[in-house]
Amino acid sequence: MASLNVGNLGEYLREQRRNAQLSLRQLADAAGVSNPYLSQIERGLRKPSADILQQLAKALRISAETLYVQAGMLDEREREELETRAVILADPSINERQKQVLLQIYESFRKENALDTESTESTEDTEAAESTGTGTAERAAGADAGGSGTTHGSAATPPSH
């Protein structure tokens, strides 16, 4: 009945609750959920909504995104991006305009790096295919010309008469 992610979430929540030195009842009260419901979440029998996870995170004083990752609602990369944005927006030493500019720069770097990654992977795939294909063609051309099969450069030149 319970998925693996829900079980991991329950174990993680229990660990966080114990680290915070809270009883099940204390956490349930602080998060505004029932004691039996929280117990079922911890035992992996219930999958809480994002809102409930946010309430639990607030009561535990941890990142809601961390709980979303544990619940399988968010992947690690998305969590890191959200946390980075939250830190920038929460910084009292910079003004709103500076925060927006910084977020735009951050997003442009992320897009650039994503394109670079795609481009690099595409180039590596193309180069691998070309080196395999070209190498075979060169060996075949060298063998047809009676050579050793190792040509450096383009196809073998035809013999002159």
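Cut-offs used in this document
For every chain, the first residue of the written sequence is number 1, and numbering continues from 1 along that sequence. With pLDDT at 70 or above as the cut-off, local features in this predicted model cover only qualifying residues; side-chain atom pairs require 80 or more to be listed or tallied, and sums for whole chains, interfaces and linings still use all residues. Processing note: side-chain calculations cover all non-hydrogen atoms of the structure and skip hydrogens and water entirely. Orientation is described by lines fitted to C-alpha atoms, with helices fitted over the stretch in contact, and by angles between N-to-C directions that extend from 0 to 180 degrees. Runs of E in the DSSP output that reach at least two residues are strands. Runs of H or I that reach at least four are helices, and both are numbered from the N terminus. Put simply, a crossing is left-handed when the front helix is turned counterclockwise from the back one by less than a right angle, and right-handed when it is turned clockwise. Only heavy atoms enter the contact rule, under which two residues are in contact if any of them lie within 4.5 Å. Under the convention adopted here, Pro, Cys and the residues Ala, Val, Leu, Ile, Met, Phe, Trp and Tyr are nonpolar, Asp, Glu, Lys and Arg are charged, and Gly plus all remaining residues are polar. By definition, no residue in a patch forms a salt bridge, and every one has over 30% relative accessible area; like charges are joined within 9 Å, nonpolar side chains (Val, Leu, Ile, Met, Phe, Trp, Tyr) within 5 Å. Only the protein chains shown count as cover for residues, and the accessible areas themselves come from Shrake-Rupley with a 1.4 Å probe. Any Lys or Arg side-chain nitrogen found within 4 Å of a carboxyl oxygen on Asp or Glu counts as a salt bridge. As used throughout, the charge tally considers Lys and Arg to be positive and Asp and Glu to be negative, leaving His and the chain termini uncounted. Taken as the charge location is NZ of Lys, CZ of Arg, CG of Asp or CD of Glu. Angles below 35 degrees are treated as roughly parallel, those above 145 as roughly antiparallel, those between 65 and 115 as roughly perpendicular, and all remaining angles as oblique. As used in this record, nonpolar core signifies buried Ala, Val, Leu, Ile, Met, Phe, Trp, Tyr and Cys residues forming a set joined through side-chain atoms within 4.5 Å. Exposed residues in this analysis have more than 50% of their type's maximum accessible area, buried residues have under 20%, and partly exposed residues fall in between, with area computed by a 1.4 Å probe over protein chains only. Helix span, expected: 1.5 Å multiplied by one less than the number of residues in the helix. Confidence of the predictor at the level of single residues is captured by pLDDT, which takes values from 0 to 100.

**Examining the packing of helix α2 (residues 24-31) against helix α4 (residues 50-60)**
Interaxial distance between α2 and α4 falls to 8 Å at its minimum, and their mutual angle equals 115°. The two elements α2 and α4 cross, and the hand of that crossing is right-handed. In contact with Leu 27, Ala 30 and Ala 31 of α2, α4 contributes Gln 55, Leu 56, Ala 59 and Leu 60. Here the contact of α2 with α4 is composed, by residue class, of 6 nonpolar, 1 polar and no charged.

**Looking at a negative patch on the surface**
Where like charges cluster on the molecular surface, the negative patch consists of Glu 118, Glu 121, Glu 124 and Asp 125. With respect to the element layout, Asp 125 can be found in helix α7 (residues 96-144).

**A few points about the packing of α2 against helix α3 (residues 35-42)**
Closest axis-to-axis distance for the α2/α3 pair is 9 Å, and the angle between their directions is 110°. Overall, the two elements α2 and α3 adopt an arrangement that is roughly perpendicular. Crossing angle aside, the handedness with which α2 passes α3 is right-handed. Counted together, Leu 24, Arg 25, Leu 27 and Ala 28 of α2 and Asn 35, Leu 38, Ser 39 and Glu 42 of α3 form the full contact between these two elements. Partitioning the contact of α2 with α3 into residue classes produces 4 nonpolar, 2 polar and 2 charged.

**Observations concerning the nonpolar core**
Nonpolar side chains in soluble globular proteins generally cluster together in the buried interior. Leu 13, Leu 38, Leu 56 and Leu 67 are the most contacted members of the largest nonpolar core, which totals 21 residues. Elements with a contribution of two residues or more to this core: α1 (4-19), α2, α3, α4 and α5 (64-70). Among the elements that line this core, the one with the most residues is α4, at 6 residues. The residues contacting Leu 38, other than those within four sequence positions of it, are Leu 24, Leu 27, Ala 28, Val 33 and Leu 56.

**Regarding helix α6 (residues 76-90)**
Between its first and last C-alpha atoms α6 spans 21 Å; for 15 residues at 1.5 Å apiece the expected length is 21 Å, and the two agree. Buried within α6 are the following residues: Arg 79, Glu 81 and Ile 88.

**Quick look at the pattern of salt bridges**
For the structure on display, the rule yields 6 salt bridges. Between Glu 42 and Arg 14 there is a salt bridge whose closest N-O contact spans 3.4 Å. Residue Glu 42 is found in helix α3, and its partner Arg 14 is found in helix α1; the two are separated by 28 residues along the sequence. For Glu 42, a relative accessible area of 5% puts it in the buried group. The salt bridge partner of Lys 99 is Glu 96, with a shortest N-O separation of 3.4 Å. Here Glu 96 and Lys 99 lie together in helix α7, a separation of 3 residues that amounts to about one turn. What you see here is one network of salt bridges that share partners, running through Glu 81, Arg 85, Glu 107 and Arg 110.

**Concerning the confidence of the model for the protein**
Looking at the protein, pLDDT values average 78 and 73% of them are 70 or higher. Mean pLDDT per element in the protein: α7 is the minimum at 72, and α2 is the maximum at 97. Contacts from residues 135-156, a stretch scored under 50 in pLDDT, to residues over four places away or in other chains number 11 contacts.

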